Amino acid sequence: MTHAMSKGSNIPLPATAVRAVLQWTPGSGVPDVDASALLLAADGHVRSDEDFVFYNQPRHPSGLVRHLPKQRLADGLTDTIEADLGSLEAGVNRVVLAASADGGPFGLVRDLRLRLYDSAAADGGEPFAVFNVVAETGEETALICGELYRRGDRWKFRALGQGYDSGLVGLATEFGISVDDSEAPPASEPTAHVPRPGAPGPGA
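All values reported here derive from a predicted model rather than from experimental measurement.

Rules used throughout
Residues numbered from 1 in each chain as written. Predicted model: local features only at pLDDT ≥ 70, side-chain atom pairs only at ≥ 80, totals over all residues. Heavy atoms only, no water. Pairing = 2+ DSSP bridges. Helix = DSSP H or I, 4+ residues; strand = E, 2+ residues; numbered from the N terminus. Buried < 20%, exposed > 50% of the residue type's maximum accessible area, 1.4 Å probe, protein only. Polar contact = N/O pair within 3.5 Å; in protein donor to acceptor, adjacent residues only side chain to side chain. Contact = heavy atoms within 4.5 Å. Axes fitted to C-alpha atoms, helices over the stretch in contact; angles between N-to-C directions. Core = buried A, V, L, I, M, F, W, Y, C linked by side-chain atoms within 4.5 Å. Phe/Tyr/Trp six-rings, centres within 6.5 Å; stacked < 30°, edge-to-face > 60°. Lys NZ or Arg CZ within 6 Å of the ring centre and 35° of its normal. pLDDT = per-residue confidence, 0-100.

Asks: What should I look at first to understand the pairing of strand S10 (residues 129-132) in this one?
Replies: It is a general feature of regular strands that their side chains alternate between the two faces of the sheet. Bridging between strand S1 (residues 3-5) and S10 involves three bridges; their strand directions are parallel. Opposite Met 5, over in S10, you have Phe 131 as the bridge partner.

What follows is the structure, given as C-alpha cells:
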C-alpha cells in the first residue's frame, strides 16, 4: 500500500532498508535538482562533516547511507539516497532527506516528489510512501523534503517540505556542517566542499 503523504504527516516504516527517490520533470529553464542526506545526532546536528552525504561525498564512511547517480526515466529525472537504517549506530537519531536546486529556485521545478521504497525488495516494488514536495514561497533553493527518525526501536518517516533560500550551503551549515566554499580546496581539507549558492553544480 502506498501512503500519499501530506506536509507534517508521518508513518512507521515497513522496512529499514530504504531507497528515497526524488523525481521531477526536466525542461527548458527548469533547475537541476540534487538529493542529499544528513545524519543527525540527538542534538539535531551532524557529528562530523562525514555525516553529510551528497554528490561530492556520495558515501557515508559506514557505507550505510549512499547517494546514487541520477537516472533519466520516461517521465522525468531522479536522484536517489539509500539508507540501511537498521544498521546505523545508535548515535544517529535522524536522517534528513534534502534537495537543492541548481540554476534557479524550486518555484521553477515541476512535479517534484519524493518516493520511498523498500530497497531490499527483489523487484523494487511499489513505493510505500509518496510526498509531492511544494515550495512554500517558490524562492527556495534548498528544501528539507522529509526525515527518517527513530522512535524507540522503530523508524518513522515525516514529510516536511521546509525551504531555505540560501541553497545547499545554508541548509548544510544549519545542521553544523563546516562548509569549504573555496574554488579549489586542498585534498586533505576535512570540511565538506559545497559549491557557493549560484555556483555550478553537477549536471544530470
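Asks: I keep staring at the side chain of Asp 79 and nothing clicks. Help me out?
Replies: Among the structural elements, Asp 79 can be located in strand S7 (residues 76-84). For Asp 79, a relative accessible area of 0% puts it in the buried group. In this structure the side chain of Asp 79 is engaged in a polar contact, spanning 2.8 Å, whose partner is the backbone nitrogen of Ala 35. Among the polar contacts made by the side chain of Asp 79, one reaches the side chain of His 67 at a distance of 3.0 Å. Those residues in contact with Asp 79 that lie beyond four places of it in its chain are Ala 20, Val 21, Leu 22, Trp 24, Val 33, Asp 34, Ala 35, His 67, Leu 68, Pro 69 and Lys 70.

Asks: In this structure, what is going on with the sheet that holds S7? I would like to understand it.
Replies: Hydrogen bonds along the backbone pair up the strands of a sheet, which may run parallel or antiparallel. Taken together, the six strands give an open sheet; going across it, the order is S1-S10-S9-S3-S7-S6, and neighbouring strands pair in mixed fashion. Whereas interior strands pair on both sides, the edge strands pair on one side only; in this sheet they are S1 and strand S6 (65-73). On average, adjacent strands in this sheet sit at an angle of 20 degrees to one another, irrespective of strand direction. Judged from the seven bridges that link them, S6 and S7 form a sheet pairing that is antiparallel. Considered in S7, the bridge of Val 65 is made with Ala 83.

Asks: What is the right way to read the nonpolar core from this model?
Replies: Nonpolar side chains in soluble globular proteins tend to be buried together. Ranked by size, the top nonpolar core spans 41 residues in total, and within it Leu 116 and Phe 157 carry the most contacts. Of all the secondary structure elements, the ones that give two or more residues to this core are strand S3 (17-25), strand S4 (32-40), S7, strand S8 (94-102), strand S9 (110-118), S10, strand S11 (142-151) and strand S12 (154-164). In this structure, Tyr 55, Val 96, Ala 142 and Tyr 164 belong to the second largest nonpolar core, which totals 16 residues.

Asks: Please clarify how the environment of Phe 106 should be interpreted in this entry.
Replies: Summarising the element assignment, Phe 106 is placed in the loop between S8 and S9. Here Phe 106 falls in the buried class, since its relative accessible area comes to 4%. Residues Phe 106 and Asp 32 lie 74 residues apart in sequence; the distance between their C-alpha atoms is 9.6 Å. Setting aside residues no more than four positions away along its own chain, Phe 106 makes contact with Val 33, Ala 99, Ser 100, Ala 101, Leu 112, Ala 135, Gly 138, Glu 140, Thr 141, Ala 142 and Leu 143.

Asks: I keep staring at the packing of aromatic side chains and nothing clicks. Help me out?
Replies: Ring pairs (aromatic) are described by centroid distance and by the angle formed between their planes. Within this structure, the stated rule accounts for two aromatic pairs. Seen in terms of ring centroids, Phe 52 and Phe 54 are 4.3 Å apart; in terms of plane orientation they differ by 10 degrees. Their pairing is stacked. The exposure class of Phe 54 is buried, given its relative accessible area of 1%. Here the aromatic cluster, defined as three or more aromatic residues joined through ring pairs, consists of Phe 52, Phe 54 and Tyr 55. Above the ring of Tyr 117, the side-chain terminus of Arg 19 is found at 4.7 Å from the ring centroid. Geometry around Tyr 149 places Arg 158 over its ring, the cationic atom sitting 4.2 Å from the centre.

Asks: Before we go on, may I ask you to explain the confidence of the model for the protein in this structure?
Replies: For residues with low pLDDT, the predicted coordinates do not support detailed interpretation. Overall, the predicted model of the protein reaches an average pLDDT of 88, with 87% of residues at or above 70. Under a pLDDT of 50 for its full length, residues 182-191 has, in the predicted model, 10 contacts with residues more than four places off or in other chains. Confidence over residues 195-204 falls short of pLDDT 50; this stretch has 21 contacts with residues more than four positions distant or in other chains.

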